Amino acid sequence: MKKHIFNAGPCILPQPAIESAIAAIRDFDGTGVGVLEISHRTPGWDRIMSETEQLWKELLNIPEGYKVLFLGGGASTQFCYVPFNLLGKKAAYLQTGVWAKKAAKEAKLFGEVEIVASSEDANYTYIPTGYTIPADADYFHITTNNTIYGTEIHTDLDSPVPLVADMSSDILSRPVDVSKYALIYGGAQKNVGPAGVTFVIVREDILGKVDRAIPTMIDYRTHVNNSSMFNTPPVFAIYVMHETLKWVKELGGVEAMYKMNLAKAELLYNEIDRNKMFVGTARKEDRSIMNVCFVMAEEYKDKEAAFMEFAKERGMVGIKGHRSVGGFRASIYNACPLESVQALVDCMKEFESNY
Ligand SMILES: *Cc1c(COP(=O)(O)O)cnc(C)c1O
């Protein structure tokens with residue numbers, strides 16, 4: 001049976017990227033040596049590194065003065081890289097979920113942290129507004145898409161201080177004005193590749209402003225100056241990222257992805273709103289186009305396990321909601337096809353007709 005993959009991350013990847021990865025494991029770039037076995041100092045590998053950065057720059061229209069880095073450690077390690085490199089006295093954080101909260105927790109090790117607003121009081125079902133960003137903060141940190149709760153900041157915020165964004169789960173899903181951000185980071189395993197590589201888009205002029213000593217590997221300048229080749233980069237994960245970015249470009253780039261993502265999200269949210277058995281958990285205007293969270297309606301609470309089983313029998317994979325929200329979550333990242341969303345919608349309709 002065909003599986004419809006809605007995993008939150010790692011998650012579905014574009015089939016062409018998977019096929020190229022399989023071929024490259026056997027033979028990288030006609031060298032007769034597989035990509036898992038090459039030295040990262042192989043001349044052909046240089047090309048993949050620079051093409052990967054170039055693809056990022058093209059796809060997101062990244063202006064001059066920015067560098068794209070490929071590091072290890074996942075987005076969670078960036079929670080400490082960011083304050084280590086940027087926090088002199090004080091930083092501001094918007095707390096829109098547990099990832100945002102974890103990021104702020106690390107920053108507290110380095111200085112004063114002001115939480116400008118939090119939606120924890122409502123289990124992060126909305127994005128707070130109406131807060132003030134302190135002008136004396138070294139930076140303002142946001143999480144643009146809250147993977148667990150299915151909320152998303154849909155616009156590029158104006159910030160009086162350098163804006164830092166964790167875009168792990170919505171990068172490349174919609175156009176972003178990179179010039180409004182000082183730093184953007186994320187784990188690749190949601191929209192741009194497999195687990196194992198972390199992307200960092202950094203405006204070079206924000207670096208070197210703190211007084212503390214920074215360990216070599218945690219100092220962004222090390223990786224800027226060595227084009228992410230100071231030490232062994234996550235070679236295979238970067239290769240698959242390269243192929244994933246090529247796929248995005250071939251399909252028409254981020255604008256085209258955005259159109260498809262809007263169509264998928266609309267299809268699924270419309271069904272959630274129409275179907276008497278389900279309700280969405282996020283405030284409507286803050287709904288994420290990447291992670292769609294919903295639960296059983298009050299009078300059908302006892303049918304949750306039955307729907308899970310029903311969906312599983314029809315090939316749905318990974319729709320169990322995060323334990324802190326419960327219910328269901330369908331992650332409909334770039335590589336998730338409209339047909340899979342349609343299959344889930346059909347499944348919800350069919351389930352409803354049984355009651
Ligand atoms: C998945 C995720 C993380 C954690 O990423 P790791 O690479 O596992 O550390 C952080 N922030 C957001 C928004 C995420 O979706």
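Residues numbered from 1 in each chain as written. Predicted model: local features only at pLDDT ≥ 70, side-chain atom pairs only at ≥ 80, totals over all residues. Heavy atoms only, no water.

## Structural notes on the site of the ligand
Part 1: Contacts to the ligand come from 13 residues, most closely from Ser76, Thr147, Asp166, Gln189 and Lys190.
Part 2: Within the side chain of Lys190, a nitrogen or oxygen atom sits 2.7 Å from an oxygen atom of the ligand.
Part 3: Broken down by element, the shell around the ligand gets its largest block of residues, four residues, from helix α3 (residues 74-86).
Part 4: Each residue belonging to the shell around the ligand can be placed in one class, and the counts come to three nonpolar, eight polar and two charged. (Near = heavy atom within 4 Å. Polar contact = N/O pair within 3.5 Å; in protein donor to acceptor, adjacent residues only side chain to side chain. Helix = DSSP H or I, 4+ residues; strand = E, 2+ residues; numbered from the N terminus. Nonpolar A, V, L, I, M, F, W, Y, C, P; charged D, E, K, R; others polar.)

## Quick notes on the packing of helix α8 (residues 304-313) against helix α9 (residues 338-353)
Part 1: Two elements in contact, α8 and α9, have axes separated by 10 Å at closest approach and are oriented at 130 degrees. Classified by the angle their axes make, α8 and α9 are oblique. With respect to the hand of their crossing, α8 and α9 are arranged in right-handed fashion. Within the contact between the two elements, α8 uses Ala306, Phe307, Phe310 and Ala311 and α9 uses Leu344, Cys347, Met348, Glu350 and Phe351.
Part 2: Of the residues in the contact of α8 with α9, the class split is eight nonpolar, no polar and one charged. (Axes fitted to C-alpha atoms, helices over the stretch in contact; angles between N-to-C directions. Parallel < 35°, antiparallel > 145°, perpendicular 65-115°, else oblique. Left-handed = near helix turned anticlockwise from the far one by under 90°. Contact = heavy atoms within 4.5 Å.)

## Things to note about the side chain of Thr144
Part 1: With respect to the helices and strands, Thr144 occurs in the loop between β5 (140-143) and β6 (145-146).
Part 2: We classify Thr144 as buried; its relative accessible area is 0%.
Part 3: Of the polar contacts made by the side chain of Thr144, one reaches the side chain of Asp170; its length is 2.7 Å.
Part 4: In this view, Thr144 contacts Thr151, Glu152, Ile153, Ala165, Asp166, Met167, Asp170, Arg174 and Tyr181; residues no more than four positions away in its chain are not counted. (Buried < 20%, exposed > 50% of the residue type's maximum accessible area, 1.4 Å probe, protein only.)

## Considering the state of the cysteines
Part 1: With the rule as written, the count across this model stands at zero disulfides.
Part 2: In this structure Cys293 is a free cysteine whose sulfur lies 14 Å from that of Cys336, the closest cysteine sulfur available. (Disulfide = S-S within 2.5 Å.)

## Quick look at helix α7 (residues 253-274)
Part 1: Taking 1.5 Å per residue as the helical rise, α7 with its 22 residues ought to reach 32 Å, and the 32 Å between its terminal C-alpha atoms agrees with that figure.
Part 2: Among the residues making up α7, those that are buried are Gly253, Val254, Ala256, Met257, Asn261, Lys264, Ala265, Leu268, Tyr269, Glu271 and Ile272.
Part 3: Packing partners of the buried residues in α7 comprise α2 (43-59), α6 (235-250), β11 (278-280), β12 (291-296), β14 (328-331) and α9. (Expected span 1.5 Å × (residues − 1).)

## Things to note about the sheet that holds strand β3 (residues 90-95)
Part 1: Read from one edge of the open sheet, seven strands run β2-β10-β9-β8-β5-β3-β4, paired in mixed fashion. Every interior strand has two partners, whereas the edge strands, β2 (66-71) and β4 (112-118), have only one. Neighbouring strand axes in the sheet, compared pairwise and without regard to direction, differ in orientation by 20 degrees on average.
Part 2: One ladder, built from two bridges, connects β3 with β5; its direction is parallel. Bridge pairing links Ala92 to Phe140 in β5. (Pairing = 2+ DSSP bridges.)

Scope: geometric values only; no functional claims are made or implied.
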